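What follows is the residue order along each chain.
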Amino acid sequence: MRGLLCSPLPMLLLLLQPWESRLQFAGPWCRTGPLDLVFVIDSSRSVRPFEFETMRQFLVGLLRGLEVGPNATRVGVIQYSSQVQSVFPLGAFSRREDMERAIRALVPLAQGTMTGLAIQYAMNVAFSVAEGARPPEARVPRIAVIVTDGRPQDRVAEVAAQARARGIEIYAVGVQRADVGSLRAMASPPLDEHVFLVESFDVIQEFGLQFQDRLCARDLCNGVDHGCEFQCVSEGLSYRCLCPEGQQLQADGKSCNRCREGHVDLVLLVDGSKSVRPQNFELVKRFVNQIVDFLDVSPEGTRVGLVQFSSRVRTEFPLGRYGTAAEVKQAVMAVEYMERGTMTGLALRHMVEHSFSEAQGARPRALNVPRVGLVFTDGRSQDDISVWAARAKEEGIVMYAVGVGKAVEEELRQIASEPAELHVSYSPDFGSMTHLLENLRGSICPEEGIGAGTELRSPCECESLVEFQGRTLGALEKLTQN
């Protein structure tokens, strides 16, 4: 409730009020700017009638604290069990009274718990322009609040990742029997600000107060042309810009440092074996995107390809497919987890034989563009890696190995280029991988690491011919001396 009260008297009044009224207490002072807000409500049979009534009051109370309207906050509500039902879409009502009337008339579905299906519906239907959402070019924040009391009966990690990749910010609210792992798999980062677990429906209003506090904090960033390259954060009457982890805010207070010079062909090999587990695989994808954040992705700059491996190998996208960081990041979040075994050797072979071919988008060797392979793995390989790890380095590929959890140090060193201290990174768990970013940035960024000063030149240019002739004559002289 911080930020909502100014003196002891309002605090006393607040405590004396029924909680449905408390949520509207911040209303007159909370100007959130335009939002498209969709509530995704679990109405499965495990939600008992009096609990559903509490959730209904919770929604009404939240509405009373929002500035709703066609040019302010638009609100939609969907409920789900074994199926999904739209209570009212974003474009249906512009008056709070109409929304409250529809919520009070809501009849629970009382079947299963298909949370993944509900998220897919929200992504594809509820947040569509046809349903009343504002178009993406309007840059109006899209927020989904999922309230559930149990374990989903379908998969949620993959579809939630797709929703987040489309720009939907997800809050996951679990009540009583809710599965914490599923909540974390659904929610947007940082998880400590988007995952809420309450012991009963009776205290769900505590989330409502915190949620309103978060919405109020958006005010300034939504109302000014802040110019932040990555993220704007409101702080009282001012704001500040943030950069992705591993990048530093520049002197202008708005832009972030990233790789801006040189050229690299980068292929990421991601372990998708069963031991990784779905929620950790989502963390790996976010980590990959944090690496992409500090790269200057373009056809002429850094090209990125992604390969996933388990008992088999699958190219998720080749080097030549995407020309912007945004396209790469969206493709990364759409990758589906493979599971099964850990054939790292097979993955290395695939990388050497296919991923760095010109057919896959790698630039010709004559252009002297550094080729970099980055392997993520969490365990011991089930096949031999020595032959293809050595072959990769013989082919001139600079290899990095990132190990997590039960990854074997000996294998990481075998995969990586020398010196191992610069090319091997390790994290004890998936949740703490982000501390590796700065080391990787210093190594991969062209202006700081392997690609520093790389210049694309045609092999037929005069300077290139003279350089080639000099190297050849030098080699011949050594042969003659020998």
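Here is what the cut-offs are and how they apply
- Residues numbered from 1 in each chain as written.
- Predicted model: local features only at pLDDT ≥ 70, side-chain atom pairs only at ≥ 80, totals over all residues.
- Heavy atoms only, no water.
- Helix = DSSP H or I, 4+ residues; strand = E, 2+ residues; numbered from the N terminus.
- Buried < 20%, exposed > 50% of the residue type's maximum accessible area, 1.4 Å probe, protein only.
- Pairing = 2+ DSSP bridges.
- Axes fitted to C-alpha atoms, helices over the stretch in contact; angles between N-to-C directions.
- Contact = heavy atoms within 4.5 Å.

(A) Seen up close, unusual backbone geometry. Look at the link from P189 to P190: it is a cis peptide, with omega at -10°. If you trace the backbone, P190 turns up in the loop between α7 (180-186) and α8 (191-194). Residue P419 is bonded to the preceding E418 through a cis peptide linkage, with omega at -5°. With respect to the element layout, P419 can be found in the loop between α15 (409-415) and α16 (420-423). Even without glycine at this site, A110 takes up a positive phi of about 55°. By the element assignment, A110 lies in the loop between α4 (96-104) and α5 (115-126). Accessibility expressed as a relative area gives 42% for A110, which makes it partly exposed. A positive phi angle is found at R340, which is not glycine, with a value near 75°. Summarising the element assignment, R340 is placed in the loop between α12 (325-333) and α13 (344-355). Residue R340 is classed as exposed on the basis of its relative accessible area of 60%.

(B) The arrangement of the sheet that holds strand β10 (residues 302-309) in detail. Spatially, β11-β10-β9-β12-β13-β14 is the arrangement adopted by the six strands of the open sheet, whose pairing is mixed. The open sheet terminates on both sides in strands that have one partner only, identified here as β11 (313-317) and β14 (424-427). The mean inter-strand angle of the sheet, taken between neighbouring strand axes irrespective of direction, is 20°.

(C) How the structure looks around the sheet that holds strand β1 (residues 35-42). Overall, mixed pairing links the six strands, which are arranged β3-β2-β1-β4-β5-β6 in an open sheet. Either end of the sheet is taken by a strand with one partner, and the two such strands are β3 (84-88) and β6 (195-198). Sheet twist, expressed as the average angle between the axes of neighbouring strands with direction ignored, equals 20°. For strand β5 (residues 168-175) and β6, the ladder comprises four bridges, and the chain directions are parallel. Directly across from A172, in β6, lies its bridge partner V195. Each of β2 (73-80) and β3 touches α4; the most contacted strand, β3, lies at about 145° to it. Packing against the sheet, α5 makes contact with β1, β2, β3, β4 (142-148) and β5, and its axis sits at approximately 145° to β2.

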